[in-house]
Amino acid sequence: MSERPATAPHLLLVEDSETQALELRLLLESKGFAVERCATAEAALDHLNTRLPDLVVADHHLPGMNGDEFARQLRLSLRTRALPLLMLTGARDGERQGLESGADAYVAKSADRDLLVLRIRALLRERLGGGGSDGPGVSAFRRGRVLVVDGSATYRTFLAGLLAHEGHEVATADGHATALAALDAPGAAFDCVTIDLLGPSYDGLALCRAISERRTAGLAGREAGAPTFQVVGIAGTLPAKDFLVEAFAAGADDVVSKSDGEILVMRVRSLVRRKLLEEDNRRIAGEFGNRERALERARAEAEAAEARAALAGALEQANADLATANRKLTDAQAKLVQAAKMASLGELVAGIAHEINNPLAFILAHQGTVERILGEVVAEPDSPDGPRKLRKCGDRVGAMRMGLTRIQDLVLNLRKFSRLDEGERTLVHVPEAIETVLALIQHKLGERIAVVRDFAGRPEIHCTPALLNQVVMNILGNAADAMPERGTITIETRTAPDTDVIRISDTGPGIPETLREKIFEPFFTTKPVGSGTGLGLAIAYSVVQAHSGSLNVEAAPGGGACFVIGIPRQTD
C-alpha cells in the first residue's frame, strides 16, 4: 500500500458488503486517496452532517435507503447538493437510474478498476479545481451552455438537437480550428464541451488536449472571472482500455459511447447540473459572505459607537471626579494654609505675650514700691528721709513709664501687622513694614542674633501687605531657627529697572543645592518632627506668585542661605 500524501483527497465509500468495501478501500488507498467507509446510506448521511469529503462513491444496492434515494437526499441539501457522487452498480439499467436520481457518474462493478480510478480522478479534478465565474453578481438562474465538436454534420446536428431539447444553449464546431476559435471567442463561457475523439477530419485526442489546456488557463485566471468547463469525450461502441486511459490523460472528464445518445445526453446533463449547482453554491456563499461582512461592519460600528459613548460618559465622569477632587484639594489647601497661619499667629502671640509680660511684671513690682514709699511720706511728712523717698518714687515711676512705652510699641506694631494682612494692593512702606515684623519676632531673635539693615531700594512699593507680613516673617523666622546659637541676619532692598528686590540672608548652615528645588513644596521641612509644618515657605511662594513675582534661594556670601524676593514694578 502506497503512503498517502498529506493533502490526499478524502473519499467516502458507501458499501454494505464487507468484502467489496475492503477491496475498494485497499485499491483507493493504494492510489493515494484517504478513504472512510459507511455501510448504509443512513450512516453516510449522518457522517455528512459532521464532515464533507471531496467525493462520495456509493453502491446502488444498499440495505434500507438505496443509492437512488441517497443521491436524491444529497441533492436536496444545500450543503451537499454539489458534492460529486460516483455510483457503482451491477444492474443493466443502473446508469440511467443513477444519473436520473442525481449521480454525477456511473461505473459498473465489473468495470476495470483502473477505469474506476480514472473516473474518480476526473471528477476530483473538476471538483478541486473550482468553477468559473462565481461572484455574487452571477445570475441565480441560467441555462447550461454546451459546445458540440464533431466532424459529422449529421451527428453534430442530431446531438445538438438532443441537448437543446434538454434546455441547454448549444454551439457547434466541425473541427480543431473552429472548436478553439469558439472557446476563444469574446464572451464564450461554456459549461461542457463534447468531442468526437475518433473524428476522421481531426485528431480527437490532440484536440481534447488543446481544449484541456484552455481550461487549465481558465483555472489559473479564475479570479479574473475566466470560465472553466467539463470535457466529455465521445468514442465508439466499446472503446479499448488503452484508448480510455489516453482520453482521460488528455483531459477528458468522461468518455461515452457514441451509439447511445440518450446516455450521452444524461451524462452531459449530470456534469452541467453539478457545475451549475457549484456555481450557485458559490453565488450563495458570496451573498452570505457579503451579508456577514455587512453585519460584521454594522456590529463593529455599533460597538465602536457604544465604546465612544461609554468613553464619553467615562470622560465626563472623570472630569466631574477631577473637578470634585480639585475643589476638595483647594479647600484642603486653604484649610492647611489657614492652619499654618494660625500656627504662626500662635507662635507670634506667645512671643508677644512674653514681651509684654516682662515690662508688666516690673511695672507691677515698682507700683507696689511707689505705693509703700508714698504711704510712708504721707505718714511722716516732716521726716528728713522724705525728699530721698520722693526721688526714689520718681525713679520707679520713670521705669514704669519705660515699661508702659514698650508695651505701647508692641501693641502699635501688632496693629500695624494686622493691617499688613489685608488682601488689597496698596502702597506699602517697606522699611516700616520690615521693622514691624522684626519687632514682633524680637523674642526669637533676642540678643543672640544681630540684624543688619540696608534699605537702599524704593521705600514704597505697590503690593498686598501680606507680602511683607507672611513672606518676610516666615523667612526671618526660618533664619532665626537655623541659627540656634549666634548669628547675623542681613535685610537688603534694591531697585532694579522693572523689579523691586528684597534679599534676606543669614549666617546659618545654608540649604544644600540638592534640596533647593524642594523647599517650596508643601510639607517639606528640614526641621525635626513636630517642629514645623513645612508650609511656611510654600505659603510664601504662593503669595509671591500671586504678585507675578519670583522667590529664589541661593547661597549667602557668609555661607548661609539667601532668599531673594522679586516684585514686578506696578503703576502707583
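Because the structure is a prediction, the values reported are computed rather than measured. (Residues numbered from 1 in each chain as written. Predicted model: local features only at pLDDT ≥ 70, side-chain atom pairs only at ≥ 80, totals over all residues. Heavy atoms only, no water.)

## Regarding the overall build of the chain
- In terms of regular secondary structure, the chain is built from 15 helices and 17 strands.
- In the chain, which comprises 572 residues, the share counted as buried stands at 42%.
- Excluding contacts between residues fewer than 6 apart, the proportion of contacts in the chain whose partners are at least 24 apart in sequence is 70%. (Helix = DSSP H or I, 4+ residues; strand = E, 2+ residues; numbered from the N terminus. Buried < 20%, exposed > 50% of the residue type's maximum accessible area, 1.4 Å probe, protein only. Contact = heavy atoms within 4.5 Å.)

## Some points on helix α6 (residues 153-165)
- With 13 residues, α6 extends 18 Å between its outermost C-alpha atoms, agreeing within 8% with the 18 Å of an ideal straight helix rising 1.5 Å per residue.
- At the exit of α6 stands Gly 167, carrying a positive phi of roughly 100 degrees. (Expected span 1.5 Å × (residues − 1).)

## Quick word on the sheet that holds strand β3 (residues 55-59)
- On the basis of which strands lie adjacent, the open sheet formed by five strands has the order β2-β1-β3-β4-β5 and parallel pairing. Each having just a single partner strand, β2 (34-38) and β5 (105-108) make up the two edges of the open sheet. When the angles between neighbouring strand axes are averaged without regard to direction, this sheet yields 20 degrees.
- Bridging between strand β1 (residues 10-14) and β3 involves four bridges; their strand directions are parallel. Bridge pairing links Val 14 to Ala 58 in β3. (Pairing = 2+ DSSP bridges. Axes fitted to C-alpha atoms, helices over the stretch in contact; angles between N-to-C directions.)

## Some remarks on the sheet that holds strand β17 (residues 561-568)
- Across the sheet, which stays open at both edges, the five strands sit in the order β12-β14-β15-β17-β16 with mixed pairing between neighbours. Sheet topology places β12 (449-455) and β16 (550-555) at the edges, where each strand pairs with a single neighbour. Averaged over all adjacent pairs, the angle separating strand axes in this sheet is 15 degrees, with direction ignored.
- Here strand β15 (residues 499-506) pairs with β17 via seven bridges, running antiparallel. In the strand pairing of β17, Ser 505 is matched with Cys 562.
- Set on the sheet, helix α12 (residues 430-440) makes contact with β12, β14 (487-495) and β15; between it and β12 the angle comes to about 170 degrees.

## Considering the nonpolar core
- With 36 residues, the main nonpolar core has Ile 475, Leu 476, Ile 489, Ile 504, Leu 551, Phe 563 and Ile 565 as its most contacted residues.
- Secondary structure elements with two or more residues in this core: α12, β13 (460-463), α14 (466-482), β14, β15, α15 (536-546), β16 and β17.
- Core analysis: the next-biggest nonpolar cluster, separate from the first, contains 30 residues, Ala 179, Leu 183, Cys 208 and Ile 211 among them. (Core = buried A, V, L, I, M, F, W, Y, C linked by side-chain atoms within 4.5 Å.)

## So, the packing of aromatic side chains
- Taken as a whole and judged by the stated rule, the model has one aromatic pair.
- Taken together, a centroid distance of 5.8 Å and an interplanar angle of 50 degrees make the contact between Tyr 155 and Phe 158 tilted. Residue Tyr 155 and its partner Phe 158 are located together in helix α6, separated by three residues, close to a single helical turn.
- Judged by its relative accessible area of 12%, Tyr 155 falls in the buried class. (Phe/Tyr/Trp six-rings, centres within 6.5 Å; stacked < 30°, edge-to-face > 60°.)

## Regarding the packing of helix α2 (residues 41-50) against helix α3 (residues 67-76)
- At their nearest, the axes of α2 and α3 sit 10 Å apart, and the two run at 20 degrees to each other. The pairing of α2 with α3 is recorded here as roughly parallel in orientation. The handedness of the crossing between α2 and α3 is right-handed. Contacts from Ala 41, Ala 44, Leu 45 and Leu 48 of α2 reach α3 at Phe 70, Gln 73 and Leu 74.
- Classifying every residue of the contact of α2 with α3 by side-chain character gives six nonpolar, one polar and no charged. (Parallel < 35°, antiparallel > 145°, perpendicular 65-115°, else oblique. Left-handed = near helix turned anticlockwise from the far one by under 90°. Nonpolar A, V, L, I, M, F, W, Y, C, P; charged D, E, K, R; others polar.)

## Points about the pairing of strand β10 (residues 254-257)
- Here β10 shows two buried faces, one formed by Asp 254 and Val 256 and the other by Val 255 and Ser 257.
- As a crossover connection, the stretch from strand β9 (residues 230-235) through helix α9 (residues 241-249) into β10 is right-handed. (Right-handed = clockwise from strand over helix to strand, strands pointing away.)

## With respect to the pairing of β16
- Examined bridge by bridge, β16 and β17 share six bridges and lie antiparallel to one another. Counted as the bridge partner of Leu 551 is Ile 565 from β17.
- Connecting β16 to the antiparallel partner β17 that follows it, the hairpin turn spans five residues, and Gly 559 within it adopts a positive phi of roughly 100 degrees.

## Structural notes on the pattern of salt bridges
- Per the stated rule, a full pass over the model turns up 18 salt bridges.
- With a shortest N-O distance of 3.1 Å, Glu 18 and Arg 37 are connected by a salt bridge. Of the two residues, Glu 18 sits in helix α1 (residues 18-30) while Arg 37 sits in strand β2, which places them 19 residues apart along the sequence.
- Under the relative-accessibility criterion, Glu 18 is labelled exposed at 55%.
- When salt bridges that share partners are traced, they join Asp 454, Glu 492, Arg 494, Arg 503 and Glu 554 into one network. (Salt bridge = Lys/Arg side-chain N within 4 Å of Asp/Glu carboxyl O.)

## Examining the environment of Gly 261
- Relative to the helices and strands, Gly 261 is located in helix α10 (residues 261-379).
- In the structure, Gly 261 is positioned 99 residues away from Leu 162 in sequence and 8.0 Å away in space, judged by C-alpha atoms.

## Side note on α1
- In a regular helix each residue adds 1.5 Å, so 13 residues correspond to 18 Å; α1 covers 18 Å between its end C-alpha atoms and thus fits that length.
- Among the residues making up α1, those that are buried are Ala 21, Leu 24, Leu 27, Leu 28 and Glu 29.
- Positive backbone phi, at 100 degrees, marks Gly 32, one or two positions downstream of α1.

## Quick notes on the confidence of the model for the chain
- Across the chain, pLDDT averages 77, with 77% of residues at or above 70.
- This model gives residues 131-139 a pLDDT under 50, and the stretch forms 23 contacts once residues within four places in sequence are excluded.
- For residues 221-227, every residue scores under 50 in pLDDT, and the model assigns this stretch 14 contacts once sequence neighbours within four places are set aside. (pLDDT = per-residue confidence, 0-100.)

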